[in-house]
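# Examining the three-dimensional arrangement
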Amino acid sequence: MKKFVLTVVAMMTMTFGFAETENQDAVRTVKNYDMSFDMRRLAVTLDLTSDQMEAIQVIQDNFNEAMLEAATVPGFQSRMLVRQAVRKDVKQMRRVLNDKQYNTYMMLLGTTLHNRGL
């Protein structure tokens, strides 16, 4: 009986440990797709006007929603959604920013996506 109880306890411990690890991996994955940022720091870095800041805030909100949606989809579809979201974001940013601002933004976006493994 003692062996049986110890076996059950060991099985429960391993199961809970696996479930916790799986949950932590899911949380880490969602964090990688969260593309929210400090708007003031971006405004200073890109030297944005107030009109540009308003437009970029809307674009950023849409981009963040699309990226979080991509986090919920598994595998290849996730990569496709990320690619579509990035293309849409870049296209919209191109309309709002001048050449110098756009080049700086592209550098920041590329670095962020690379660092997050996307």
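One can find the structure itself at the top, above this paragraph.
As a starting point, this report considers the structure included with it. (Residues numbered from 1 in each chain as written. Predicted model: local features only at pLDDT ≥ 70, side-chain atom pairs only at ≥ 80, totals over all residues. Heavy atoms only, no water.)

### Here we look at the overall build of the chain
- When helices and strands are tallied, the chain shows five helices and zero strands.
- From first element to last, N terminus to C terminus, the chain shows the α and β order α-α-α-α-α.
- Within the span of the chain, comprising 118 residues, buried residues form 25% of the whole.
- Of all intrachain contacts in the chain linking residues separated by at least 6 positions in sequence, the fraction that spans at least 24 positions is 65%.
- As displayed, the chain offers around 8,800 Å² of accessible surface, 58% of which is attributable to carbon and sulfur atoms. (Helix = DSSP H or I, 4+ residues; strand = E, 2+ residues; numbered from the N terminus. Buried < 20%, exposed > 50% of the residue type's maximum accessible area, 1.4 Å probe, protein only. Contact = heavy atoms within 4.5 Å. Areas by Shrake-Rupley, 256 points an atom, 1.4 Å probe, with all protein chains shown as cover.)

### With respect to the pattern of salt bridges
- Scanning all chains against the criterion turns up one salt bridge.
- Arg 94 serves as the salt-bridge partner of Asp 99, at 2.5 Å between the closest nitrogen and oxygen. (Salt bridge = Lys/Arg side-chain N within 4 Å of Asp/Glu carboxyl O.)

### Considering the nonpolar core
- Core analysis: the biggest nonpolar cluster contains 23 residues, and Met 67, Leu 97 and Leu 109 have the highest contact counts within it.
- When contributions to this core are tallied by element, the ones reaching two or more residues are α2 (39–46), α3 (50–72), α4 (75–96) and α5 (99–115).
- Element by element, the count of residues in this core is highest for α3, at six residues.
- Not counting residues up to four positions away in its chain, the partners in contact with Leu 97 are Leu 46, Leu 48, Gln 52, Ile 56, Tyr 102 and Tyr 105. (Core = buried A, V, L, I, M, F, W, Y, C linked by side-chain atoms within 4.5 Å.)

### Notes on unusual backbone geometry
- Its identity is not glycine, yet Asp 47 carries a phi of approximately 55°, on the positive side.
- Note on placement: Asp 47 falls in the loop between α2 and α3.
- For Asp 47, a relative accessible area of 61% puts it in the exposed group.

### Examining the packing of α2 against α5
- Where α2 meets α5, the closest approach of the two axes is 10 Å, and the angle between their N-to-C directions is 130°. On the basis of the axis angle, α2 is oblique to α5. Contacts from Leu 42, Thr 45 and Leu 46 in α2 reach Gln 101, Thr 104, Tyr 105 and Leu 108 in α5.
- Looking at the contact of α2 with α5 residue by residue, the classes come out as four nonpolar, three polar and no charged. (Axes fitted to C-alpha atoms, helices over the stretch in contact; angles between N-to-C directions. Parallel < 35°, antiparallel > 145°, perpendicular 65-115°, else oblique. Nonpolar A, V, L, I, M, F, W, Y, C, P; charged D, E, K, R; others polar.)

### Things to note about the layout of surface pockets
- Volume-wise, the largest pocket comes out at about 370 Å³.
- Among the elements of the structure, α2, α3 and α5 are those that each provide at least two residues to the lining of the largest pocket.
- In terms of residue count, α5 provides more of the lining of the largest pocket than any other element does, six residues in total.
- Residue classes in the lining of the largest pocket are distributed as seven nonpolar, six polar and three charged. (1 Å grid on protein atoms, 1.4 Å probe; cavity = no way out; pocket = protein on both sides within 12 Å on 5 of 7 lines; lining within 4 Å. Points joined across faces, edges and corners; volume = space filled by probe spheres on them.)

### Things to note about α5
- For α5, spanning 17 residues, the distance from its first C-alpha to its last is 24 Å, which sits close to the expected 24 Å at 1.5 Å a residue.
- The complete set of buried residues in α5 reads Gln 101, Tyr 102, Tyr 105, Leu 109 and Leu 113. Seen along its axis, α5 keeps its buried residues to an arc of 90°; they face one direction. Turned more than 90 degrees off the buried face of α5, the exposed positions are Lys 100, Asn 103, Met 107, His 114 and Asn 115.
- You can read the cap of α5 off the contacts: a side-chain oxygen lies 3.2 Å from the backbone nitrogen of Lys 100, and it is on Asn 98.
- After α5 finishes, the residue Gly 117 shows a positive phi value of roughly 75°. (Expected span 1.5 Å × (residues − 1). Arc of directions from axis to C-beta. Polar contact = N/O pair within 3.5 Å; in protein donor to acceptor, adjacent residues only side chain to side chain.)

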